[in-house]
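Residues per chain are reported as follows:
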Amino acid sequence: MTIEENVSLKNLNTFGVAASARWFADITTEEHLKELFADKHLTSLPRLVLGGGSNVLFTGDFDGLVIHINIKGVQHRNEGDHIYVSAGGGEVWNDLVNYCVKHQFAGMENLSLIPGSVGASPVQNIGAYGVELMDIFHSCRAFEIASGEMITFTREQCKFSYRDSIFKSAYKGLYIITEVTFKLSRIFKPNVSYGAIQQELDKRGIRVPGIKDVSDVVSHIRVSKLPDPGMIGNAGSFFKNPIIPVAKFIQLQSNFPDIVNYPAGEGFIKLAAGWMIEQCGWKGKASGNTGTWKNQALVLVNHGNATGNEILNFSSQIIDSVRSKFDVTLEREVNII
Ligand code: EPU
């Protein structure tokens, strides 16, 4: 394992903002983590675990240790109608989806084209188009920083909920995920609960879709709505969709009859942050080097040389304006560093 000094992070964050790491460790095996944590000087510094960099916004250089999880490898084993697929934390999420689609393993196809790494996927329980990671998650292996041991977490232990897990709350900063195992199926039941999927299948004249059809359609929908981080820096949805009590929702709906909403469990309603941001007039607006995406106001973009602080300040203006119009406080989904 090599430790480098003053490493640029520009290509390691999908926002593409300029920032550097004082120290940088590229981790390609679990043993590397053990070696790294034997170095008391390095591991006493502030640290940041980085996967695909698709959910971070750097507001300056990181004066500490960046641990880049780059552990590769995919294996699968069959058990009846199920397939257990295990992937290294450093695998690119969409490469894994493609691997599963190619092998006809069902379950991941709705999560096609999400940027980021496999190891980061459980942390915020990634989700899209009617499926969340928790629906296909079986277990993960993680390095326990305090003991230097490898621990396996089951689905229940991860305490998944909307864009959340135990790794973002009680166990924040305590574990580093090195491998994730997914429970997929040989039996394919398409999930077309997200209306646009069915519409696009109909448009293509596909009546009995296969796994690849759903993956293709989801990819098509994503490309039409979301900017490609390879072309325009962004980190997907910048804010979470807020979940509010039903009583507050009823009040809001009387003022805004068209307010987009979804059930979110007993007594709660989830609102579409993108809709609210658009209603405040922000959709497609540019401000200096930053702005919101023209087809999806929930996505903040780097039009060129935006700094992290510029994007952060812009996001604060959006939060203020949504709060004054709807009395709802948006929470950032992206980690601000
Ligand atoms: N909407 C607007 N204007 C906008 C954006 C959205 O009116 O500018 C409306 C849409 O018309 C729709 C509703 O808001 O009625 C929801 O929009 P959409 O289906 O595009 O999804 P979203 O709620 O904005 C969430 C996820 C996305 C995921 C999509 C599809 C969050 C924070 N975001 O976005 O995930 O791809 O659903 O399932 O939950 C991500 O997390 O980075 C991400 C892209």
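Residues numbered from 1 in each chain as written. Predicted model: local features only at pLDDT ≥ 70, side-chain atom pairs only at ≥ 80, totals over all residues. Heavy atoms only, no water.

Turning our attention to the state of the cysteines. Going through the model one piece at a time under the given rule, you end up with zero disulfides. Among the cysteines around cysteine 100, which has no disulfide bond, cysteine 140 carries the closest sulfur, lying 17 Å off. Free cysteine: cysteine 140, not disulfide-bonded; nearest cysteine sulfur from cysteine 158 at 4.4 Å. Taking relative accessible area as the criterion, cysteine 140 reaches 1% and is therefore assigned buried. (Disulfide = S-S within 2.5 Å. Buried < 20%, exposed > 50% of the residue type's maximum accessible area, 1.4 Å probe, protein only.)

At a closest axis distance of 10 Å, the pairing of helix 5 (residues 195-203) and helix 6 (residues 211-225) adopts a crossing angle of 110°. By the criterion of interaxial angle, the relationship of helix 5 to helix 6 is roughly perpendicular. Seen along the crossing, helix 5 lies across helix 6 with a hand that is right-handed. Touching Ala196, Ile197, Glu200 and Leu201 of helix 5 are Asp213, Val217, Val218, His220 and Ile221, all from helix 6. In terms of residue class, the contact of helix 5 with helix 6 is built from six nonpolar, one polar and two charged. (Axes fitted to C-alpha atoms, helices over the stretch in contact; angles between N-to-C directions. Helix = DSSP H or I, 4+ residues; strand = E, 2+ residues; numbered from the N terminus. Parallel < 35°, antiparallel > 145°, perpendicular 65-115°, else oblique. Left-handed = near helix turned anticlockwise from the far one by under 90°. Contact = heavy atoms within 4.5 Å. Nonpolar A, V, L, I, M, F, W, Y, C, P; charged D, E, K, R; others polar.)

Attention now moves to helix 5. When we look at burial in helix 5, the residues that qualify are Ile197, Glu200 and Leu201. For helix 5, the buried positions fall inside an angular range of 100° around the axis, keeping them on one side. Within helix 5, the exposed residues directed more than 90 degrees away from the buried face are Gln199 and Lys203. Those residues of helix 5 hidden inside the fold are in contact with helix 6. Residue glycine 205 follows helix 5 closely and has a positive phi angle near 70°. (Arc of directions from axis to C-beta.)

Unusually for a residue other than glycine, leucine 113 sits at a positive phi of about 70°. Summarising the element assignment, leucine 113 is placed in the loop between helix 3 (93-102) and strand 8 (127-128). Even without glycine at this site, arginine 163 takes up a positive phi of about 50°. One can find arginine 163 in the loop between helix 4 (155-158) and strand 12 (175-185).

Another aspect to go through is the site of the ligand. Taken together, 24 residues lie near the ligand, and Tyr129, Tyr162, Arg163, Tyr194 and Glu278 sit nearest. In this structure, an oxygen atom belonging to the ligand sits 2.7 Å away from a side-chain N or O atom of tyrosine 162. At a separation of 2.8 Å, an oxygen atom of the ligand approaches a polar side-chain atom of glutamine 296. Secondary structure elements with two or more residues in the shell around the ligand: strand 8, helix 6, strand 13 (233-237), helix 8 (273-279) and strand 19 (296-302). (Near = heavy atom within 4 Å. Polar contact = N/O pair within 3.5 Å; in protein donor to acceptor, adjacent residues only side chain to side chain.)

Time to look at the nonpolar core. Formed by 46 residues in total, the largest nonpolar core has its most connected members in Trp93, Leu96, Met108, Cys140, Phe167, Phe182 and Leu184. Counting only elements with at least two residues in this core, the list comes to strand 7 (82-88), helix 3, strand 10 (137-144), strand 12, helix 5, helix 6 and strand 19. The residues that make up this core include at least three from each of domain 2 (74-185) and domain 3 (233-336). Those residues in contact with leucine 96, other than ones at most four positions away along the chain, are Val74, Val85, Ala87, Met108, Val118 and Phe182. Among the nonpolar cores identified, the runner-up in size contains 44 residues, and Val7, Ala306, Ile311 and Leu330 belong to it. (Core = buried A, V, L, I, M, F, W, Y, C linked by side-chain atoms within 4.5 Å. Domains from an automatic or database assignment.)

Attention now moves to the domain arrangement of the protein. Entries for the protein in the domain assignment read domain 1 (3-69), domain 2 (74-185) and domain 3 (233-336). Here the C-alpha centroids of domain 1 and domain 2 sit 21 Å apart. The partner domain 2 presents 15 residues to the twelve residues of domain 1 that form the contact. Summing both sides of the interface, domain 1 and domain 2 together bury roughly 1100 Å²; the carbon and sulfur share of this comes to 67%. Three residues, Glu30, Leu33 and Ile69, lead the burial of domain 1 against domain 2; their summed loss comes to 43% of the area buried on that side. Viewed at the interface, domain 2 and domain 1 are joined by one salt bridge. Measuring nitrogen to oxygen at the nearest pair gives 2.5 Å for the salt bridge that ties glutamate 30 to arginine 141. The interface formed by domain 1 and domain 2 holds four residue pairs in polar contact (both at pLDDT 80 or more) in total. At the level of elements, helix 1 (30-37), strand 3 (47-50) and strand 5 (62-69) are the ones that each hand at least two residues to the side of domain 1 that touches domain 2. Here the element with the most residues in the side of domain 1 that touches domain 2 is helix 1; it accounts for four residues. Considering only residue class, the side of domain 1 that touches domain 2 consists of five nonpolar, four polar and three charged. (Buried area = accessible area lost by both parts, 1.4 Å probe. Salt bridge = Lys/Arg side-chain N within 4 Å of Asp/Glu carboxyl O.)

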